[in-house]
Amino acid sequence: MKHIISVLLENEPGALSRVVGLFSARGYNIESLTVAPTEDRSLSRMTVVTSGSDDVIEQITKHLNRLIDVVKVTDLTEISFIERELMLIKVRAAGKDRDEMMRMADIFRGRIIDVTDKTYTVELTGDSSKLDGFIAALDETAILETVRTGSCGIARGERVLKI
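Being a predicted model, the structure only gives us computed values, none of them experimental.

### Here we look at the overall build of the protein chain
For step 1, the next point in the chain: Within the protein chain one finds 4 helices and 9 strands.
For step 2, the next point in the chain: Listed by position from the N terminus, the elements making up the protein chain come as β-α-β-β-α-β-β-α-β-β-α-β-β.
For step 3, the next point in the chain: Based on the C-alpha atoms only, the size of the protein chain along its principal axes is roughly 55 × 35 × 30 Å.
For step 4, the next point in the chain: Looking at the protein chain residue by residue over its 163 residues, the buried ones come to 37%.

### Remarks on unusual backbone geometry
For step 1, the next point in the chain: Residues other than glycine seldom take positive phi values, yet R109 does so here, at roughly 60°.
For step 2, the next point in the chain: Looking at where R109 falls in the secondary structure, it is placed in the loop between helix 3 (97–107) and strand 6 (111–115).
For step 3, the next point in the chain: We classify R109 as exposed; its relative accessible area is 73%.

### What about a nonpolar patch on the surface?
For step 1, the next point in the chain: On the surface, L16, V20 and V35 cluster together into a nonpolar patch covering about 200 Å² of accessible area.
For step 2, the next point in the chain: For V35, the location among the structural elements is in strand 2 (residues 32–37).

### As for the sheet that holds strand 4 (residues 70–75)
For step 1, the next point in the chain: Here 4 strands make up an open sheet; going across it, the order is 2-3-1-4 and the pairing antiparallel. Edge positions in the open sheet fall to strand 2 and strand 4, since each of these has one partner strand only. Each strand of the sheet is rotated relative to its neighbour by a mean of 15°, with strand direction disregarded.
For step 2, the next point in the chain: Across 9 bridges, the pairing between strand 1 (residues 2–10) and strand 3 (residues 43–51) is antiparallel. Looking at strand 3, one finds that H3 is bridged to T50.

### Side note on the pattern of salt bridges
Between side chains of opposite charge, a pair can form as their charged atoms come close.
For step 1, the next point in the chain: Counted according to the given criterion, the structure contains 10 salt bridges.
For step 2, the next point in the chain: One salt bridge in this structure joins E145 and K90, with 4.0 Å as the shortest N-O distance. Here E145 is found in strand 8 (residues 143–148), whereas its partner K90 is found in strand 5 (residues 81–92), with 55 residues between them in sequence.
For step 3, the next point in the chain: For E145, a relative accessible area of 45% gives the class partly exposed.
For step 4, the next point in the chain: Owing to a relative accessible area of 29%, K90 belongs among the partly exposed residues under this scheme.
For step 5, the next point in the chain: Here K96 and D97 are joined by a salt bridge, their closest N and O atoms 3.8 Å apart.
For step 6, the next point in the chain: Of the residues examined, K96 reaches a relative accessible area of 73% and is grouped as exposed.
For step 7, the next point in the chain: What makes D97 partly exposed here is its relative accessible area of 35%.
For step 8, the next point in the chain: Residues participating in the shared-partner salt-bridge network are E85, D132 and R148.

Quick notes on the rules
- Residues numbered from 1 in each chain as written.
- Predicted model: local features only at pLDDT ≥ 70, side-chain atom pairs only at ≥ 80, totals over all residues.
- Heavy atoms only, no water.
- Helix = DSSP H or I, 4+ residues; strand = E, 2+ residues; numbered from the N terminus.
- Buried < 20%, exposed > 50% of the residue type's maximum accessible area, 1.4 Å probe, protein only.
- Patch = residues over 30% accessible without salt bridge, like charges linked within 9 Å, V, L, I, M, F, W, Y side chains within 5 Å.
- Areas by Shrake-Rupley, 256 points an atom, 1.4 Å probe, with all protein chains shown as cover.
- Salt bridge = Lys/Arg side-chain N within 4 Å of Asp/Glu carboxyl O.
- Pairing = 2+ DSSP bridges.
- Axes fitted to C-alpha atoms, helices over the stretch in contact; angles between N-to-C directions.

Function-wise, these values are silent; they only describe arrangement.
Shown next, in the form of structure tokens:
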């Protein structure tokens, strides 16, 4: 089962490396990883998407909590949360395909952010399934390049990840 783990850690050199090292040393796979400073510049927020049974995820969170740089760990999958991912996708858009690509971007609430004679670059945000759906709706030969940020997530409501 897919889990989204949110980690608050000290914004120090090597902190990210230690977290990633923990995953690789124990044979856990990271499906996506995003990290950036928080409103408190001394802390970073990391979102790790991984898969595993409840026992494996429990072990991951226990190991993460033992790392010196880690301040707090939350498995967002256990609570109500919001997930978003950003994708930039460059597609063929020549001739009659231009209108169809524009319609597809509109249907998925994407924005065309770059236009050439033969291509569109579309910006899409949403959960992973929305972005996967957009890719599946396109003809494979229309896709020239895809870049995705990976998921980031936040708890709904009053719940916050702070020290």
